[in-house]
Amino acid sequence: MIPWKQLKQHLIIFTRYPEPGKTKTRLIPALGEVGAANLQKQMTEYTISQVKELQKMSNVSVEVRFTGGDLQGMVNWLGNDLFYQFQGEGDLGERMERSLTNAFSQNAKKVIIIGTDCPDLNSQILATAFEQLEFFNLVLGPAVDGGYYLIGLQQPRAELFTNIHWGTAQVFAKTVEIAQNLALSIGYLPILADIDRPEDL
């Protein structure tokens, strides 16, 4: 793996190794186990391609936080020019909060987390998100289903990731409510659609 240096602008991609039967399980009724895994594979690869476009425009370091599979499997799949890290234990909030804290502890000034479920998320929206972090404490990309496809911060705020029912339609609204209670300024990105269920296809 090439030497990896985290920059002031840091992007974390949350994804899962595309193992049939363990990936995009809510889409298995529509696509089958292999089809659901293939969709996960394609959406992750597309997200990575947009991130590489972003890196042509601005200095951003990238890490891939994964579940399922192993390090060698990830390298074989996505190449050895990325930095990989296990997501670790805990619910989604704990895993995101841990990855953010880790990034800020290595002197990042703006950290963004994205998933790979949003085909409309492109390099331009990512660039806009980093620009907004110049002015806002928090940047959110709301998803049509009531969650969010992107969260960006200027410093770690564990409160944004606790007492939230992940995977529900209240995630975005609850996050905004917590942020307002913390008196954080919020920048908003366009509303985009996630692909999680058969009707999203």
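Residues numbered from 1 in each chain as written. Predicted model: local features only at pLDDT ≥ 70, side-chain atom pairs only at ≥ 80, totals over all residues. Heavy atoms only, no water.

A. Representation of the nonpolar core within the structure. In this structure, Leu11, Ile114 and Leu150 are the most contacted members of the largest nonpolar core, which totals 30 residues. Where this core is concerned, the elements lending two or more residues are strand E1 (9-16), helix H1 (28-57), strand E2 (61-67), helix H2 (71-78), strand E4 (110-114), helix H4 (123-132) and strand E6 (148-153). Ranked by the residues each element gives to this core, the list is headed by H4, at 5 residues. Excluding its chain neighbours within four sequence positions, the residues that come into contact with leucine 11 are Val51, Leu54, Val60, Ser61, Val62, Glu63, Ile112, Ile114, Leu126 and Phe130. Core analysis: the second largest hydrophobic core is formed by 25 residues, Ile12, Ala108, Trp166 and Leu184 among them. (Core = buried A, V, L, I, M, F, W, Y, C linked by side-chain atoms within 4.5 Å. Buried < 20%, exposed > 50% of the residue type's maximum accessible area, 1.4 Å probe, protein only. Helix = DSSP H or I, 4+ residues; strand = E, 2+ residues; numbered from the N terminus. Contact = heavy atoms within 4.5 Å.)

B. Focus on the environment of leucine 78. Position of leucine 78 among the secondary structure elements: in helix H2. You can call leucine 78 buried: its relative accessible area is 11%.

C. The arrangement of the packing of aromatic side chains in detail. According to the stated counting rule, one finds 4 aromatic pairs in the structure shown. Where phenylalanine 66 meets phenylalanine 86, the ring centres are 4.5 Å apart and the plane angle is 40 degrees; that geometry is what we call tilted. With phenylalanine 66 in strand E2 and phenylalanine 86 in strand E3 (residues 83-86), the pair connects residues that are 20 residues apart, well separated along the chain. (Phe/Tyr/Trp six-rings, centres within 6.5 Å; stacked < 30°, edge-to-face > 60°.)

D. Inspection of unusual backbone geometry at higher detail. One non-glycine residue with positive phi stands out, namely lysine 24, at about 50 degrees. The residue lysine 24 is located in the loop between E1 and H1 in this model. In this structure, asparagine 107 takes a positive phi of about 75 degrees despite not being glycine. Within the element layout of this structure, asparagine 107 appears in the loop between helix H3 (92-105) and E4.

E. Summary view of H1. The terminal C-alpha atoms of H1, which comprises 30 residues, lie only 37 Å apart, well short of the 44 Å expected from a rise of 1.5 Å per residue. Within H1, the axis deviates most sharply at valine 34, by approximately 80 degrees. The complete set of buried residues in H1 reads Ala36, Ala37, Leu39, Gln40, Met43, Thr44, Thr47, Ile48, Gln50, Val51 and Leu54. In the core, the buried residues of H1 are packed alongside E1, E2, H2, E4 and H4. (Expected span 1.5 Å × (residues − 1). Bend = angle between axes of the 7 residues up to and from the residue.)

F. The arrangement of the side chain of histidine 10 in detail. Counting through the fold element by element, histidine 10 comes out in strand E1. Of the polar contacts made by the side chain of histidine 10, one reaches the side chain of serine 61; its length is 2.8 Å. Here glutamate 63 takes part through its side chain, which lies 2.6 Å from a polar atom of the side chain of histidine 10. (Polar contact = N/O pair within 3.5 Å; in protein donor to acceptor, adjacent residues only side chain to side chain.)

G. Layout of the pairing of strand E5 (residues 138-142). Of all 5 residues in E5, 5 are buried; the element is thus mostly enclosed. Covered by surrounding structure in E5 are Leu138, Leu140 and Pro142 together with Val139 and Gly141, the residues of both alternating faces. Linkage of E5 to E6, two consecutive antiparallel strands, is achieved through a turn of 5 residues, within which glycine 146 is found at a positive phi near 95 degrees. The sheet contact formed by E5 and strand E7 (residues 186-188) spans 3 bridges and is parallel. Paired with leucine 138 across the bridge in E7 is isoleucine 186. (Pairing = 2+ DSSP bridges.)

H. Geometry of the layout of surface pockets. By volume, the largest pocket is sized at about 1,000 Å³. Forming the boundary of the largest pocket are 34 residues, of which Lys24, Arg26, Leu92, Asp117 and Asp196 lie nearest the centre. Per element, the largest residue contribution to the lining of the largest pocket is 4 residues, and it comes from E6. Counted by class, the lining of the largest pocket contains 13 nonpolar, 11 polar and 10 charged residues. (1 Å grid on protein atoms, 1.4 Å probe; cavity = no way out; pocket = protein on both sides within 12 Å on 5 of 7 lines; lining within 4 Å. Points joined across faces, edges and corners; volume = space filled by probe spheres on them. Nonpolar A, V, L, I, M, F, W, Y, C, P; charged D, E, K, R; others polar.)

I. Examining the environment of leucine 7 more closely. Structurally, leucine 7 can be placed in the segment before E1. Take leucine 7: its relative accessible area is 29%, and that puts it in the partly exposed class. The spatial distance from the C-alpha of leucine 7 to the C-alpha of lysine 56 is 14 Å, given a sequence separation of 49 residues. Ignoring sequence-local partners within four residues, the contact set of leucine 7 consists of Asn59, Val60, Ser61 and Ala108.

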